[in-house]
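Residue-level structure breakdown
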Amino acid sequence: QVQLVESGGGLVQAGGSLRLSCVASGRTFSRYVMGWFRQAPGKEREFVAAINWSGGSTVYADSVKGRFTISRDNAKNTVYLQMNSLKPEDTASYYCAADPSIVVFTSTSRYHYWGQGTQVTVSS
């Protein structure tokens, strides 16, 4: 069982930056693919970024490519999402997800564990 706790959300003006963190419980964090997803009111949860166990492979949604960076620190059981050049359309609840896989998935259905989410609001 893995428990995920996100933090770092908040209110920021368009063009600003935020860094989200997700701390995972358990001793096998380094074996998990980690992903970030987001869900805006009235919309389905969508993929944002994912990273493999070593950090050597990352995948991004086209909408965030070049602005967001996912990274992980296995010694701290933590995955990060650095978000730069934020836009109002990035406003959503952001969720951390984990799966014991060697393949980096982008589908919500492939992730076994989820955090409770952290709210990001970008004002125009």
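As a starting point, this report considers the structure included with it. (Residues numbered from 1 in each chain as written. Predicted model: local features only at pLDDT ≥ 70, side-chain atom pairs only at ≥ 80, totals over all residues. Heavy atoms only, no water.)

Turning our eyes to something else, we now look at the overall build of the protein chain. Scanning the protein chain from terminus to terminus reveals 0 helices and 11 strands. What you see in the protein chain, going N to C, is helices and strands ordered as β-β-β-β-β-β-β-β-β-β-β. Against the globule reference of 14 Å for 124 residues, the protein chain gives a C-alpha radius of gyration of 13 Å, in line with a compact fold. Across its three principal axes, the protein chain shows a C-alpha extent of roughly 40 × 25 × 25 Å. Counting only contacts in the protein chain whose residues sit at least 6 apart along the sequence, the fraction spanning at least 24 positions is 59%. (Helix = DSSP H or I, 4+ residues; strand = E, 2+ residues; numbered from the N terminus. Rg over C-alpha atoms; globule rule 2.2 N^0.38 Å. Contact = heavy atoms within 4.5 Å.)

Moving on to the nonpolar core. In terms of nonpolar packing, the biggest core is built from 38 residues, with Leu4, Met34, Trp36, Val79, Leu81, Met83 and Tyr94 touching the most fellow members. Put simply, the parts of the chain that give this core at least two residues each are β3 (18-24), β4 (33-39), β5 (46-51), β7 (68-73), β8 (78-83), β9 (92-99) and β11 (118-123). The contacts of valine 79, once residues within four sequence positions are left out, are Leu20, Ser21, Cys22, Phe29, Met34, Trp36, Ile51, Ile70, Ser71, Arg72 and Cys96. (Core = buried A, V, L, I, M, F, W, Y, C linked by side-chain atoms within 4.5 Å. Buried < 20%, exposed > 50% of the residue type's maximum accessible area, 1.4 Å probe, protein only.)

Moving on: the sheet that holds strand β1 (residues 4-7). In spatial order, the strands read β1-β3-β8-β7; together these 4 strands make up an open sheet with antiparallel pairing. The open sheet is flanked by β1 and β7, the only strands paired with a single partner. Geometrically, the sheet is characterised by an average inter-axis angle of 15° between neighbouring strands, direction not taken into account. Looking at chain direction, β7 and β8 are connected through 6 bridges and run antiparallel. Within the sheet, the bridge partner assigned to isoleucine 70 lies in β8 and is leucine 81. (Pairing = 2+ DSSP bridges. Axes fitted to C-alpha atoms, helices over the stretch in contact; angles between N-to-C directions.)

Positionally, arginine 38 belongs in strand β4. Judged by relative accessible area, arginine 38 falls into the buried class, the value being 6%. Of the polar contacts made by the side chain of arginine 38, one reaches the side chain of serine 63; its length is 3.5 Å. Of the polar contacts made by the side chain of arginine 38, one reaches the side chain of aspartate 90; its length is 2.9 Å. Discounting residues that sit within four places of it in the chain, arginine 38 has contacts with Glu44, Arg45, Glu46, Val48, Ser63, Val64, Phe68, Glu89, Asp90, Ala92, Ser93 and Tyr94. (Polar contact = N/O pair within 3.5 Å; in protein donor to acceptor, adjacent residues only side chain to side chain.)

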